[in-house]
Amino acid sequence: MKKMCALVLALMLCCGLFAGCQQTPVASSAATDAVSQTQQKPAVEKQLKYVFLFIGDGMSYPQFQAAADYLGALAEDGDGILNGSQALNFMQFPVAGSANTYDSTSFCPDSASTATSISTGHKTHSGVINMDESKTVSYKTIAEQLKAQKNFKIGIVSSVNLNHATPAAFYAHQASRSSYYEISQELIASGFDYFGGGALLQPTGKEKDKTDIYQLAEEGGYKVIKTQAEAEALTAADGKAIVVAETLADSDAMSYANDRDQGEWALADYVKKGIEVLDNDTGFFMMVEGGKIDWACHANDAGSTIADTVALADAVDEALKFYEQHPDETLILVTGDHETGGLTIGYAGTDYDTYLDNLENQKISYAKYDSDYVTKYAE
């Protein structure tokens, strides 16, 4: 267990928080040291078997602190943000750390290179997935190694496209993150057990002249699910599965949290289903990406950034429920790959008042506003 913890933690190169992987404390005293080796009973450790890695794409301290402050502002009716902040679940984990997120290209990296660092421990150029700077050497990912060496079941979940940079960095090896069809081919070849979230980009290739990737997935032994009813009925007995959200929003990704219709699956639902189909006595690894935090930050959409950060915390809740049943065998890590948007909380022009409660009035994301209102206005 110690080696496994060290391996996973060594790959957590960005700001991150984690819980689990409990170990028996060892006493250190003169009396203890005097006890003969024959009289000491070795501590019994359970093998680490269940690993959750949550990645808030574009998320760093400002994003989750803003979400905590927002929840506090609503709970306290605006009665002081400092006193009213409500820490998200992963902000209360027993261990926290931070690191610089520069890559081989720049101090301002992208999701391909940073996810490569998280999944393999190697830096590379922006836009490159699990290959070195020469784009000739491929790196094995932690998910691939756990599959091959430990026979763990593997799950990949994302609120954006399943062949987008972050999820791809756990199963693909490409010189360009934009090679969506080739990445999808590697998704199928990975043999991973559960994929859930947004649709695959360019399913018939850039020129739309290739065999549909979903057909290839079915031929490769995957059950392809595109309705929520089918997803709800999915069980471990169904075998390998690719679950695509029935309701697809901008760029065929899942809906933003504040755009979801009542009853529409959130990120937490895909995690809950993932636990159901991956749970086994050998072990599993699940990577979960809150990808639309990044997209909202690119658009400087504070309301959607906060809503999707809270949605990520809701997904972490599902892992915590599982952890409570297996506390000595479960490791939960929550991290960000890089920060996006230069988010700040308050500034001198408003005397550092934030008016976070005003964001409660924002009911849709910038993307839905563009599609439902701006486009019609432009026409």
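So, here is what we can say about the structure in this document.

Calculation rules
- Residues numbered from 1 in each chain as written.
- Predicted model: local features only at pLDDT ≥ 70, side-chain atom pairs only at ≥ 80, totals over all residues.
- Heavy atoms only, no water.
- Core = buried A, V, L, I, M, F, W, Y, C linked by side-chain atoms within 4.5 Å.
- Buried < 20%, exposed > 50% of the residue type's maximum accessible area, 1.4 Å probe, protein only.
- Helix = DSSP H or I, 4+ residues; strand = E, 2+ residues; numbered from the N terminus.
- Contact = heavy atoms within 4.5 Å.
- 1 Å grid on protein atoms, 1.4 Å probe; cavity = no way out; pocket = protein on both sides within 12 Å on 5 of 7 lines; lining within 4 Å.
- Points joined across faces, edges and corners; volume = space filled by probe spheres on them.
- Nonpolar A, V, L, I, M, F, W, Y, C, P; charged D, E, K, R; others polar.
- Axes fitted to C-alpha atoms, helices over the stretch in contact; angles between N-to-C directions.
- Parallel < 35°, antiparallel > 145°, perpendicular 65-115°, else oblique.

## A few points about the nonpolar core
Reasoning step 1: By size, the foremost hydrophobic cluster in this structure holds 47 residues, and its most contacted members are F52, F54, F90 and I332.
Reasoning step 2: By residue number, the principal contributor to this core is helix 13 (residues 302–325), which donates 10 residues.
Reasoning step 3: Those residues in contact with F54, other than ones at most four positions away along the chain, are V271, V288, L312, A315, V316, A319, I332, L333, V334 and T335.
Reasoning step 4: In this structure, A115, I142, Y171 and F192 belong to the second largest nonpolar core, which totals 40 residues.

## Some words on the layout of surface pockets
Reasoning step 1: In this model, the largest pocket occupies a volume close to 380 Å³.
Reasoning step 2: What lines the largest pocket is a set of 20 residues, among which A302, L343, T344, I345 and G346 lie closest to the centre.
Reasoning step 3: Ranked by residue count, the leading element in the lining of the largest pocket is helix 13, at three residues.
Reasoning step 4: Its volume calculated, the second largest pocket comes out at about 290 Å³.
Reasoning step 5: As for the second largest pocket, its lining consists of 22 residues, and the residues nearest its centre are T101, D337, H338, E339 and T340.
Reasoning step 6: The greatest single-element share of the lining of the second largest pocket, amounting to three residues, is contributed by helix 12 (residues 292–298).
Reasoning step 7: Among the residues making up the lining of the second largest pocket, the classes are represented as eight nonpolar, eight polar and six charged.

## Brief notes about the packing of helix 3 (residues 61–75) against helix 13
Reasoning step 1: Interaxial distance between helix 3 and helix 13 falls to 9 Å at its minimum, and their mutual angle equals 90°. Considering the angle they form, helix 3 stands roughly perpendicular to helix 13. In contact with Q63, F64, A66, A67, Y70 and L71 of helix 3, helix 13 contributes T305, I306, T309 and V310.
Reasoning step 2: Partitioned by chemical class, the residues of the contact of helix 3 with helix 13 number seven nonpolar, three polar and no charged.

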